[in-house]
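Chain by chain, the residues run as shown.
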2 protein chains.
Amino acid sequence: MKIERLSAKAEDYLETILRLSETLRGARTGDIAEALNVQPPTVSAALKSLTEQGLVDYTPYGAVGLTPKGRQLAEDVAGRHVALRRFFTDTLGMSQEDAEHAACGMEHDATPLVLDRMALLGDFLRTHPGMMEKWKAMRETARGERAPGVESSLKELPPGVRGVVMSVDVADSLRKRLVEMGVTPGVLIAVERVAPLGDPIAVEVRGYRLSMRKAEAARIRVKWRPGLI
Amino acid sequence: MKIERLSAKAEDYLETILRLSETLRGARTGDIAEALNVQPPTVSAALKSLTEQGLVDYTPYGAVGLTPKGRQLAEDVAGRHVALRRFFTDTLGMSQEDAEHAACGMEHDATPLVLDRMALLGDFLRTHPGMMEKWKAMRETARGERAPGVESSLKELPPGVRGVVMSVDVADSLRKRLVEMGVTPGVLIAVERVAPLGDPIAVEVRGYRLSMRKAEAARIRVKWRPGLI
DNA sequence: TCCAATTGTTTGAGTGCTTAAACAATATCC
DNA sequence: GGATATTGTTTAAGCACTCAAACAATTGGA
C-alpha cells in the first residue's frame, strides 16, 4: 500500500464529497459535478477511480461516502483550505471571497510548515496589543503605493487602486464600447467598487464610470500604479 | 488570441527555460528534462506544444528561446516564485530549502493580491523597530507548542519538535530496523537535525538516535505534539 | 400502477502529460 | 575524414481528466 501523493483533482473530489456528505442530501453525482464545474460523466469516472483506490465507498446510482482512508485525506485537504483562508482573511485582511478563491488553488501545495508559521504569525499579531490596528492602518495607507511593476488582470486590481491598461483582449462588441469610453493601452483605470454579489464591478476611467462583468475585467491586463482614485 | 490560463506544467517549462537560457549553455532539452525531473521525449513534446502556442522559439536540435509573449509569462511565474520564497524565508523564517520547495508548488496559484499583502506584511514587520526580534523570539518559543492536531510526514516535522508516530509505510528491510528501534505507531519521535546537504536526517526516538533518508522519513506519518526534545 | 421527468452511467472520443524503445542528428576524438 | 559517443526526436503506448451523445435507472406524480 503506497502513499502516493494524490493529484490536485483527486483532492478536490475528496474535499467536495466530504463537504456534501455532511448535508442532508448527501453527496450526489450531480451536486459534485456542479460544485467542481464539470459534467456528470466526469464525476462518474472519478468516482470509479477513487473507489479502486479505496478512498470512496460507492455503488452506482447509490450514495457516495468516504472510506476511513478517504476521509482522512479529505480532512487533510479541508484543513489546509481553512488554514489558508483564515490567514488570508484574518491576517492579510482579504475579503472572504478573495480569500476563498486564493485558498482553493493553493491548498494542494501548502506544506505543513508554511501553514504552521502562517497560523503562528497571525497569533503573534493578535497577541501584541495595538499591533493589528497598526497593520490594518498600514494596509489602508499602502493601497495604491504598492509593489512597483505588479501586473494582473483588472479583475484582480484592488478597489481604489489605480492601474495602467496594458492590453485589452475582449470580444468585439464590448471592445467597441470600451474604446469609446477610452479604455485603451496606456490609460489609467481603477475599480471603484464590486457589487454585493461580486458581479458586475464598477470601473472608473478618464472620469467616466462604467460597469462590466468580472469575466470581461479578467481579460484586461493592468499594471498597478501608486495613488488612489 | 485568447489568454487561456496556462497549465501549471506549461508554466514550469517556461520558468525553467527562462532560467536556463540565462546561462552560457543556454536552455537545452536534456537540461530542461533534468531540471523538471522528466525524460527528454517529454520535453520534446512540450516544446512542440509551446511553439504552437507561440511561447517559445525552437527549431529541432537547436537552441530553445522564449518569444516576447513567452518571456512575459515566464517572468510572471518567476516573479510569483521569488515573492513567495522571500515571504517564506524573510517573514516566516523558513530555511532556504523549505521555502524553495513550498514556493515551487504554490507559485502557480498565488494571486496578485495575496503576493502583494504578503510583501506588505513583511515590510510592516521590518519597519517597526523591535518587532522582527519579537516575532523571531515567538517562533523559537513556540516550537513544539504548535497547532494541535497538525499531521505531516516525519520529513516535514520541524527539527526539535516532537511528534507521535501514526503510521509507518516503508520497505520491509527498513521496517525491521525501525521496529527494533521502537518506531511503532503511538511512540514519540523527533527530528534532531538535518545533514548539511539535507540527507540523511538524525532522528531521536525513545532515547535512541538513528539516521534515515528523507525518502524514508516521508513514509512515516506523525502528529505534532507540544514540547521540545 | 405506470408513465414521464429527473438523475446517473456508459460509450466513444479528444487533450495533456508522461514513458520506453527505436531512430536520427550532432559532437568528439583519433 | 570517418568512427564513435552524446544528445535529441519520433513512435507507440498508457494514464488522468474531460466532454457530448446515447442509454439506463430512479423518482414522483397522476
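S.K.: Teacher, can you tell me more about the overall build of chain A here?
M.R.: In terms of regular secondary structure, chain A is built from nine helices and eight strands. In terms of C-alpha radius of gyration, chain A reaches 22 Å, well past the compact-globule figure of 17 Å for 229 residues. Dimensions along the principal axes, computed over C-alpha positions, put chain A at roughly 60 × 50 × 30 Å. Across the 229 residues of chain A, 46% fall into the buried class. Put simply, of all contacts in chain A between residues at least 6 apart along the chain, 56% involve residues at least 24 apart. For chain A, the exposed surface amounts to about 12000 Å²; the carbon and sulfur share of it is 53%. Averaging the locations of the 33 positively and 31 negatively charged side chains of chain A gives two centres separated by 4 Å.

S.K.: Just checking my understanding: could you explain the confidence of the model for chain A for this structure?
M.R.: Any residue range with low pLDDT should be treated as having predicted coordinates unsuitable for detailed reading. Chain-level pLDDT for chain A is 88 on average; 94% of the residues reach the 70-or-more range. The least confident element of chain A is helix α8 (residues 172-181) of chain A, whose mean pLDDT is 79; the most confident is helix α3 (residues 40-52) of chain A, at 97.

S.K.: Would you take a moment to explain the pattern of salt bridges for this structure?
M.R.: When the charged atoms of two side chains with opposite charge come close together, those side chains can pair. All names here are of chain B. Under the counting rule described, the total for this entry stands at 28 salt bridges over all chains. Salt-bridge contacts for E11 lead to R5; the nearest nitrogen and oxygen are separated by 3.6 Å. Judged by relative accessible area, which is 55%, R5 ranks as exposed. As a salt-bridge pair, D31 and R25 come within 3.0 Å of each other at their nearest N and O atoms.

S.K.: Looking at this model, I keep getting lost on the relation of the copies chain B and chain A. Mind explaining?
M.R.: Superposition of the two copies of the chain requires a rotation about an axis and a shift along the axis. Take chain B, turn it by 180°, move it 0.0 Å along the axis, and it overlays chain A with an RMSD of 0.1 Å. Accordingly, the operation relating the two chain copies is best matched by a two-fold axis. Taking C-alpha positions as the reference, the residue of chain B nearest the rotation axis is B:M106, at 2.8 Å. Interface overlap between copies is the fraction of interface residues in one copy that are interface residues in the other; for chain B against chain A it reaches 100%, indicating a shared surface.

S.K.: How should the domain arrangement of chain A be read in this particular structure?
M.R.: When the parts of a complex come together, some accessible area is lost, and that lost area is often used as the size of the interface. Each domain of chain A was delimited in the assignment, giving domain 1 (1-142) and domain 2 (151-228). Here the C-alpha centre of domain 2 of chain A lies 31 Å away from the C-alpha centre of domain 1 of chain A.

S.K.: Which parts of the structure should I look at to understand the protein's contact with DNA strand C?
M.R.: Lining the immediate surroundings of DNA strand C are 18 residues, of which A:S44, A:Y58, B:S7, B:Q39 and B:T42 lie closest. When the atoms of DNA strand C within 4 Å of the protein are sorted by group, sugar and phosphate make up 78%. Side-chain polar atom of A:Y58 to a phosphate oxygen of DNA strand C: 2.4 Å apart, as the coordinates give it. Within the residue set of the surface near DNA strand C, elements represented by two or more residues are α2 (29-36) and α3 of chain A together with α1 (8-21) and α3 (40-52) of chain B. For the surface near DNA strand C, the class distribution of residues is 10 nonpolar, six polar and two charged.

S.K.: Please explain the pairing of strand β6 (residues 201-205) of chain A as it appears in this structure.
M.R.: Two faces make up the sheet, and in a regular strand the side chains alternate between them. Residue and element names in this part refer to chain A. Burial analysis of β6 places four of its five residues in the buried class, the great majority of the element. Strand direction decides the pairing type here: strand β5 (residues 188-194) and β6, joined by five bridges, are antiparallel. For I189, the partnering residue across the bridge sits in β6 and is V205. With five bridges connecting them, β6 and strand β7 (residues 208-212) associate as antiparallel partners.

S.K.: Explanation requested: the packing of aromatic side chains in the structure shown.
M.R.: Two measures describe an aromatic ring pair: the distance that separates the ring centres and the angle between the ring planes. Within this structure, the stated rule accounts for five aromatic pairs over all chains. Both rings, one in A:F124 and one in B:W135, keep their centres 5.4 Å apart while their planes meet at 45°; by these two values the pair is tilted. Pair noted here: A:F124 is in helix α6 (residues 112-127) and B:W135 is in helix α7 (residues 131-142), and the two residues belong to different chains. Ring pairs connect the aromatic residues A:F87, A:F88, B:F87 and B:F88, which therefore count as one cluster. A cation over an aromatic ring shows up here: A:R139 above the ring of A:W135, its NZ or CZ 5.0 Å from the ring centre.

S.K.: Explain the interface of chain B and chain A to me, please; I cannot follow it from the model alone.
M.R.: Listed by partner, the interface residues are 49 residues for chain B and 49 residues for chain A. Interface area, chain B with chain A, both sides summed: about 4400 Å², of which 72% is carbon and sulfur. Applying the counting criterion to the chain B and chain A interface returns two salt bridges. A:R221 is the partner of B:D76 in a salt bridge, and the nearest nitrogen-oxygen pair spans 3.7 Å. At the boundary of chain B with chain A, the tally comes to four residue pairs in polar contact (both at pLDDT 80 or more). Put simply, the parts of the chain that give the side of chain B that touches chain A at least two residues each are α4 (68-91), α5 (96-106), α6 (112-127), α7, β3 (151-153) and β8 (220-228) of chain B.

Calculation notes
Residues numbered from 1 in each chain as written. Chains lettered and ligands numbered in written order. Predicted model: local features only at pLDDT ≥ 70, side-chain atom pairs only at ≥ 80, totals over all residues. Heavy atoms only, no water. Helix = DSSP H or I, 4+ residues; strand = E, 2+ residues; numbered from the N terminus. Rg over C-alpha atoms; globule rule 2.2 N^0.38 Å. Buried < 20%, exposed > 50% of the residue type's maximum accessible area, 1.4 Å probe, protein only. Contact = heavy atoms within 4.5 Å. Areas by Shrake-Rupley, 256 points an atom, 1.4 Å probe, with all protein chains shown as cover. Lys, Arg positive; Asp, Glu negative; His and termini not counted. Charge placed at Lys NZ, Arg CZ, Asp CG, Glu CD. pLDDT = per-residue confidence, 0-100. Salt bridge = Lys/Arg side-chain N within 4 Å of Asp/Glu carboxyl O. Least-squares fit on C-alpha atoms with pLDDT ≥ 70 in both. Domains from an automatic or database assignment. Near = heavy atom within 4 Å. Polar contact = N/O pair within 3.5 Å; in protein donor to acceptor, adjacent residues only side chain to side chain. Nonpolar A, V, L, I, M, F, W, Y, C, P; charged D, E, K, R; others polar. Pairing = 2+ DSSP bridges. Phe/Tyr/Trp six-rings, centres within 6.5 Å; stacked < 30°, edge-to-face > 60°. Lys NZ or Arg CZ within 6 Å of the ring centre and 35° of its normal. Buried area = accessible area lost by both parts, 1.4 Å probe.

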